[in-house]
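Remarks on the overall topology
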Amino acid sequence: MSRNRLLLVLLGSSLLSGCAADYLNNYDTMTLASGDTQKANQLLQTVDPYNPASNNTKIEGDGARSVGIVQKYKLPPTAPSAPATNMTVNVGPTGATTQ
């Protein structure tokens, strides 16, 4: 009988603890965004929040330059030629001989 009673108590306490979990998520602390109410209210009451220059739909540009850039990306790159430099690379200490 005591085993059944223990299981009943455990089942009841687990059901009640599930209800308390949501209550524990409410804290009496401040959040990181708690000081932004004045800024948020100013943005809500702004008549036109966009940059005035955003209404300009005429975008200045050079067509010939744009075509040249597109053609440069379409053509495969040319293989670079071998450098014509005379370079000597010495590895190891000077005067050392290998046997």
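Above this text you will find the structure in question.
Here is a short report on the structure shown in this document. Owing to the predicted nature of the structure, the values given are computational and were not obtained by experimental measurement. One numbering rule holds for all chains: residues counted from 1, following each sequence as written. The model is predicted, so local features are restricted to residues of pLDDT at least 70 and side-chain atom pairs to those at 80 or more, both for listing and for counting; the totals for chains, interfaces and linings are taken over all residues. Processing note: side-chain calculations cover all non-hydrogen atoms of the structure and skip hydrogens and water entirely.

**With respect to the overall build of the chain**
Worth spelling out the cut-off: Only DSSP runs of H or I covering at least 4 residues are called helices, and only runs of E covering at least 2 are called strands; the numbering of each starts at the N terminus. The rule is simple: take the accessible area with a 1.4 Å probe, protein chains only, and divide by the maximum for that residue type; under 20% is buried, over 50% is exposed, in between is partly exposed. In these tables, accessible area is a Shrake-Rupley quantity obtained with a 1.4 Å probe, and a residue counts as shielded only by the protein chains included in the view.
Summing up its helical and strand segments, the chain has three helices and zero strands in all. Expressed as a percentage of its 99 residues, the buried residues of the chain come to 0%. Total accessible area computed for the chain in this model is approximately 10,700 Å², and 59% of it derives from carbon and sulfur atoms.

**A look at helix 3 (residues 63-74)**
Our working rule: Multiplying 1.5 Å by the helix residue count minus one yields the expected span of that helix.
Under the 1.5 Å per step criterion, the end-to-end length of helix 3 is 17 Å for 12 residues, consistent within 8% with the ideal 16 Å. The buried fraction of helix 3 is low, at zero of 12 residues.

**A word on the pattern of salt bridges**
This is how it is decided: Salt bridge criterion: a side-chain nitrogen from Lys or Arg within 4 Å of a carboxyl oxygen from Asp or Glu.
Evaluation of the coordinates by the stated rule reveals one salt bridge. Its salt-bridge partner being Lys 58, residue Glu 60 comes within 3.8 Å of it at the nearest N-O pair. Comparing Glu 60 with Lys 58, the two get one shared label, exposed.

**Some points on a nonpolar patch on the surface**
Selection criterion: Patch membership requires more than 30% relative accessible area and the absence of a salt bridge. Residues of like charge join within 9 Å; the nonpolar side chains Val, Leu, Ile, Met, Phe, Trp and Tyr join within 5 Å.
Residues Leu 6, Leu 7 and Leu 10 make up a contiguous nonpolar surface patch of roughly 300 Å² in combined accessible area. Within the element layout of this structure, Leu 10 appears in helix 1 (residues 2-23).

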